[in-house]
Amino acid sequence: MANGNGKTVIAFGGGKGGTGKSFLTSNMGICLARRGKKVLLVDADFGGANLHSFLGIRTPDRCLTDFFENKISLDQLITPTICKGVGVLSGDFRSYTAGVLNHNLKLKFFRHVQKLEADYILLDLGAGSHHNTVDTFLTADKKILVINPDRISIENMYHFVKTCLIREVVKLFTNMGRKEDFLAIYSSREQLSLVNLRELIDYSAEQFGMQDLVADAFRHFSPYIIVNKIRRDKDMMVGFSSRSILRKYLGIHAQYIGFLGYDDHICDSINRGKIFIHDFPTLHSAEEVKQITENFMENRQISLKTSINGRKRTF
Amino acid sequence: MDEKELSRHYETLELEPGADLRAVRNAYYYLKDLYSQDSYDTVPVQEEFLDKKRGSIVKEIEEAYQALVNYLVPGGGGQAPDDSTTFLQVEIFDGKALREIRESQKINLREVSLATHISLEFLKYIEAEHFSGLPPEVYLKGYLKTYAEYLHVDSERVVTEYMARYDAWTREGEQ
């Protein structure tokens, strides 16, 4: 699913803050570079930029503020990291109006990002389901949802995914010149007793014979799931339940590519200004990051068969 | 069963076509559990979870499982095990009960041994309650727990109830 020029844009999202998006962006990026790829990490968390801290960079001397305010081109803002083949575009952390960046400016930014030279461009998105974040997520070739095994994270993830789906549906209806029709159904959804998203979308699609288009868009969405911060074996099952629910209720085919244990060493590395996977290369969680990257590259999934053995949910 | 139907059942259990009996069984137990009760991973989508939809999902899962077991076990033709009625009615988890539960799931002992790394001999002794042939208590408890988890039954109950019988036998020997 890479662009024509062999470049793959990967976005890390998931709705909740602190689930490990920046951690996985940086450390998976390093794993990709170790496989001989040219990797560019982009801090697309406007208003909460901190990707540089995961890369052992104290204060970036160049950052996206220079792009937004001083019109410096992106390729001049890339900072090399101590890892071979990994460059970083540090976030817009010097401006304090970033949360309300002009929409057009953002579009321009993402157009320019797509043109940068790299095999993999990894986008570290901010928390929340703001349409800016969601739209960025949707433009990526590969979409990764980073979740934690807790109710809040799962709640936010579903909200994030549903927002993605609504954006896709609106886009479809707009392309068909039917945006107003969809919005009319949307605003009268209660009178029509459409109690949930699935019903709303099914009803609208049926009204205009767009079922196939919608199904196609949903199939195309196909995100990856990574469960981070698991503390006990059964926590990993959240990846399966999310995958199953997304499939059975929303018609989305997600892939569960890996899980990662909660590890105090990660915070420890960052506090000491180190890069985790360099700092503790032999730790179990470092191995898990490598495994996730491998699964991602090889299109492998976690299988229920291997993981359930003796680790099942307690009834 | 034709190809299309077969792949639909695999799809329902979220498996690759051609997955084996064990994978089918695991997926069945997992999904049935997931959609039959509330848990922290399903509550956040409550809104999407209308009881009707949920009921039809559970029904599909049951049907897919039954069809796939019948397909994968030649001459099996039996009923899908239904733990909600049968297993919960187990009065006491003794060797005989474990054997019956295993047989109802169409699993042979060799399969259990391969998956759990418990020797075939010990498994036989556990089911036959041939207590003198069993390893020391600590090992036995571990084996029972592993075996119970493999069968998807309450491992705590299995260990407690089986060990009560084992203890009774030990006491008899002392007298």
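Residues numbered from 1 in each chain as written. Chains lettered and ligands numbered in written order. Predicted model: local features only at pLDDT ≥ 70, side-chain atom pairs only at ≥ 80, totals over all residues. Heavy atoms only, no water.

**Examining the overall build of chain A**
Piece 1. When you go through chain A residue by residue, the secondary structure sums to 13 helices and eight strands.
Piece 2. Relative to the 2.2 N^0.38 estimate, which gives 20 Å for 315 residues, the radius of gyration of chain A is 20 Å and therefore close to what a compact globule would have.
Piece 3. Counting only C-alpha atoms and orienting by the principal axes, one finds that chain A spans roughly 55 × 55 × 35 Å.
Piece 4. For chain A, buried positions account for 55% of its 315 residues. (Helix = DSSP H or I, 4+ residues; strand = E, 2+ residues; numbered from the N terminus. Rg over C-alpha atoms; globule rule 2.2 N^0.38 Å. Buried < 20%, exposed > 50% of the residue type's maximum accessible area, 1.4 Å probe, protein only.)

**Considering the domain arrangement of chain B**
Piece 1. According to the domain assignment, chain B consists of domain 1 (3-72) and domain 2 (82-174).
Piece 2. The distance between the C-alpha centroids of domain 1 of chain B and domain 2 of chain B comes to 28 Å. (Domains from an automatic or database assignment.)

**Some words on the interface of chain B and chain A**
Many authors give the size of an interface as the accessible area that is lost as the parts come together.
Piece 1. Between chain B and chain A, the residue contacts involve 34 residues of the former and 33 residues of the latter.
Piece 2. Around 3100 Å² of area is buried between chain B and chain A when both sides are counted, 56% of it from carbon and sulfur atoms.
Piece 3. If you sort the residues of chain B by the area they bury against chain A, Tyr30(B), Tyr40(B) and Glu48(B) come out on top, with a joint share of 24%.
Piece 4. Run the count over chain B and chain A and you get two salt bridges.
Piece 5. Between Lys248(A) and Glu14(B) there is a salt bridge, with its nearest N and O atoms 3.1 Å apart.
Piece 6. Linking chain B to chain A there are eleven residue pairs in polar contact (both at pLDDT 80 or more).
Piece 7. Broken down by element, the side of chain B that touches chain A gets its largest block of residues, nine residues, from helix H2 (residues 21-36) of chain B.
Piece 8. Among the residues forming the side of chain B that touches chain A, the class breakdown is 16 nonpolar, six polar and twelve charged. (Contact = heavy atoms within 4.5 Å. Buried area = accessible area lost by both parts, 1.4 Å probe. Salt bridge = Lys/Arg side-chain N within 4 Å of Asp/Glu carboxyl O. Polar contact = N/O pair within 3.5 Å; in protein donor to acceptor, adjacent residues only side chain to side chain. Nonpolar A, V, L, I, M, F, W, Y, C, P; charged D, E, K, R; others polar.)

**Examining the pairing of strand E6 (residues 142-147) of chain A**
Side-chain direction in a regular strand flips from residue to residue, so the side chains alternate between the two faces of the sheet.
Residues and elements named next belong to chain A.
Piece 1. Of all six residues in E6, six are buried; the element is thus mostly enclosed.
Piece 2. Neither face of E6 is exposed, since Lys142, Ile144 and Val146 on one face and Lys143, Leu145 and Ile147 on the opposite face are all buried.
Piece 3. As defined by bridge partners, strand E1 (residues 8-13) adjoins E6 across four bridges and the pair is classed as parallel. Counted as the bridge partner of Phe12 is Ile144 from E6. (Pairing = 2+ DSSP bridges.)

**Overview of the environment of Ser90(A)**
Residue and element names in this part refer to chain A.
Piece 1. Within the secondary structure layout, Ser90 lies in the loop between strand E4 (86-89) and helix H3 (103-115).
Piece 2. Its relative accessible area of 0% is what places Ser90 among the buried residues.
Piece 3. The spatial distance from the C-alpha of Ser90 to the C-alpha of Ile57 is 9.5 Å, given a sequence separation of 33 residues.
Piece 4. If sequence neighbours within four positions are ignored, Ser90 has contacts with Asp43, His52, Pro60, Arg62, Cys63 and Leu64.

**Here we look at the environment of Leu51(A)**
Residue and element names in this part refer to chain A.
Piece 1. Structurally, Leu51 is set in the loop between strand E2 (39-44) and helix H2 (64-70).
Piece 2. In this structure Leu51 comes out as buried when scored by relative accessible area, which is 0%.
Piece 3. For the pair formed by Leu51 and Ser241, sequence separation is 190 residues and the distance between their alpha carbons is 30 Å.
Piece 4. When sequence neighbours within four positions are dropped, the list of residues in contact with Leu51 reads Ser22, Thr25, Ser26, Leu41, Val42, Asp43, Val88 and Asp124.

**Side note on the packing of aromatic side chains**
Residue and element names in this part refer to chain A.
Piece 1. In the structure shown here, the tally under the stated rule is 24 aromatic pairs over all chains.
Piece 2. Note on Phe240 and Tyr256: the rings are 5.0 Å apart at their centroids and 90 degrees apart in plane angle, and the pair reads as edge-to-face. Taken as a pair, Phe240 in helix H9 (residues 237-250) and Tyr256 in strand E8 (residues 255-261) lie far apart in primary sequence, 16 residues in all. Note on accessibility: Phe240 and Tyr256 belong to one class, buried. (Phe/Tyr/Trp six-rings, centres within 6.5 Å; stacked < 30°, edge-to-face > 60°.)

**Focus: the nonpolar core**
Piece 1. Leu74(A), Phe109(A), Ile121(A), Val161(A), Leu13(B) and Tyr35(B) are the most contacted members of the largest nonpolar core, which has 91 residues in total.
Piece 2. No other element matches helix H5 (residues 151-175) of chain A, which puts eleven residues into this core.
Piece 3. Leave out the neighbours within four places in its chain, and Leu74(A) touches Leu64(A), Phe67(A), Leu89(A), Phe109(A), His112(A), Val113(A) and Leu116(A).
Piece 4. Formed by 35 residues, the second largest nonpolar core is a distinct cluster that contains Val39(A), Leu260(A), Ile266(A) and Ala286(A). (Core = buried A, V, L, I, M, F, W, Y, C linked by side-chain atoms within 4.5 Å.)

**Description of the confidence of the model for chain B**
All names here are of chain B.
Piece 1. Counting all residues, the mean pLDDT for chain B is 85, and 91% of those residues have values of 70 or more.
Piece 2. Ranking the helices and strands of chain B by mean pLDDT puts helix H6 (residues 120-128) first, with 95, and H2 last, with 86.
Piece 3. Below a pLDDT of 50 lies the segment residues 77-86, which in the model reaches 21 contacts outside its immediate sequence neighbourhood of four places, other chains included.
Piece 4. Among the prediction metrics, the complex's ipTM stands at 0.79, with pTM recorded as 0.80. (pLDDT = per-residue confidence, 0-100.)

**Some remarks on the packing of helix H4 (residues 131-139) of chain A against H5(A)**
Residue and element names in this part refer to chain A.
Piece 1. Contact geometry for H4 and H5: axes closest at 10 Å, N-to-C directions at 75 degrees. By the angle class used here, H4 and H5 are roughly perpendicular. Counted together, His131, Thr133, Val134, Asp135, Phe137 and Leu138 of H4 and Phe160, Thr163, Cys164, Arg167 and Glu168 of H5 form the full contact between these two elements.
Piece 2. A per-class count over the contact of H4 with H5 returns five nonpolar, three polar and three charged. (Axes fitted to C-alpha atoms, helices over the stretch in contact; angles between N-to-C directions. Parallel < 35°, antiparallel > 145°, perpendicular 65-115°, else oblique.)

**Regarding the pattern of salt bridges**
All names here are of chain B.
Piece 1. Across all of its chains, the model carries 25 salt bridges over all chains by this definition.
Piece 2. Glu63 is paired through a salt bridge with Lys59; the nearest N and O atoms lie 3.7 Å apart. Note that Glu63 and Lys59 are positioned in helix H3 (residues 51-72) at a spacing of four residues, about one turn of the helix.
Piece 3. Since its relative accessible area comes to 41%, Glu63 is described here as partly exposed.
Piece 4. Judged by relative accessible area, which is 54%, Lys59 ranks as exposed.
Piece 5. Linking Glu127 and Arg102 is a salt bridge whose minimum nitrogen-to-oxygen distance equals 2.7 Å. Here Glu127 is found in helix H6, whereas its partner Arg102 is found in helix H4 (residues 95-104), with 25 residues between them in sequence. Per residue, the accessibility class of Glu127 equals that of Arg102, and both read buried.

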